[in-house]
Amino acid sequence: SSAAIFPNSVMKSEGDGNEHAPVLSPQEQLLIYKKKMISKHFANYLTRVVGEILEDGGGPETFPHLPGSSLHLVNPALEFVKNVLVILDLDQDVKQEVVYLRKSLFAQ
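This text gives an overview of the structure that appears in the document. (Residues numbered from 1 in each chain as written. Predicted model: local features only at pLDDT ≥ 70, side-chain atom pairs only at ≥ 80, totals over all residues. Heavy atoms only, no water.)

Moving on: the environment of A43. As for its placement among the helices and strands, A43 is situated in helix α1 (residues 26-56). The exposure class of A43 is buried, given its relative accessible area of 15%. The sequence separation of A43 and V98 amounts to 55 residues, and the corresponding C-alpha distance is 9.3 Å. (Helix = DSSP H or I, 4+ residues; strand = E, 2+ residues; numbered from the N terminus. Buried < 20%, exposed > 50% of the residue type's maximum accessible area, 1.4 Å probe, protein only.)

Moving on to the packing of α1 against helix α3 (residues 95-106). Between α1 and α3, the least distance of the axes is 10 Å, while the angle of their chain directions is 15°. One finds that α1 runs roughly parallel with respect to α3. Between α1 and α3 lies a crossing whose hand is right-handed. On the side of α1, the interface is formed by K35, I38, S39, A43, L46, T47 and V50, while α3 contributes E97, V98, L101, S104 and L105. For the contact of α1 with α3, the per-class residue count stands at seven nonpolar, three polar and two charged. (Axes fitted to C-alpha atoms, helices over the stretch in contact; angles between N-to-C directions. Parallel < 35°, antiparallel > 145°, perpendicular 65-115°, else oblique. Left-handed = near helix turned anticlockwise from the far one by under 90°. Contact = heavy atoms within 4.5 Å. Nonpolar A, V, L, I, M, F, W, Y, C, P; charged D, E, K, R; others polar.)

It is worth spelling out the nonpolar core at this point. Judged by nonpolar contacts, I38, A43, L46, V50, A77, V81, L85, L88, V94, V98, L101 and L105 together constitute the single largest core of 12 residues. Secondary structure elements with two or more residues in this core: α1, α2 (76-88) and α3. Look past the residues within four positions of A43 in its chain and what remains in contact with it is I38 and L101. (Core = buried A, V, L, I, M, F, W, Y, C linked by side-chain atoms within 4.5 Å.)

Time to look at the environment of K82. You can see K82 is positioned in helix α2. Taking the C-alpha atoms as reference points, K82 and F106, separated by 24 residues in sequence, lie 9.2 Å from one another.

Moving on: the pattern of salt bridges. Inspection of every chain in the model, using the stated rule, returns six salt bridges. D93 is paired through a salt bridge with K34; the nearest N and O atoms lie 3.0 Å apart. Highlighted residues: D93 in the loop between α2 and α3 and K34 in helix α1, separated in sequence by 59 residues. Across the pair E79 and K82 runs a salt bridge whose closest N-O atoms are separated by 3.4 Å. With E79 and K82 both in helix α2, this residue pair falls three residues apart, about one helical turn. Judged by relative accessible area, which is 15%, E79 ranks as buried. Linked through salt bridges whose partners overlap, the residues forming this network are K34, D91 and D93. (Salt bridge = Lys/Arg side-chain N within 4 Å of Asp/Glu carboxyl O.)

Below is the structure:
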């Protein structure tokens, strides 16, 4: 059971002992939150899910044969990772975190 991460968890509290730290704008807080979600939460979850997909096996027979399809899909884990990364790649603010995640997931 992992602790949930909310935007408030990246805000500076009044009693954090660092009175000279700049107060972050809402946009900066959101950026920090998104980066933390991808680098920590999504990375852990996706690594576990890809491991489970690899354990379960499966090959070309796990993909439906759609009429008119010319794609020859053979690896469910690879297709899952590619599709998730395409979606995460849509956010320009977290490009570097997605690059690290891509390298980590493709290394499995």
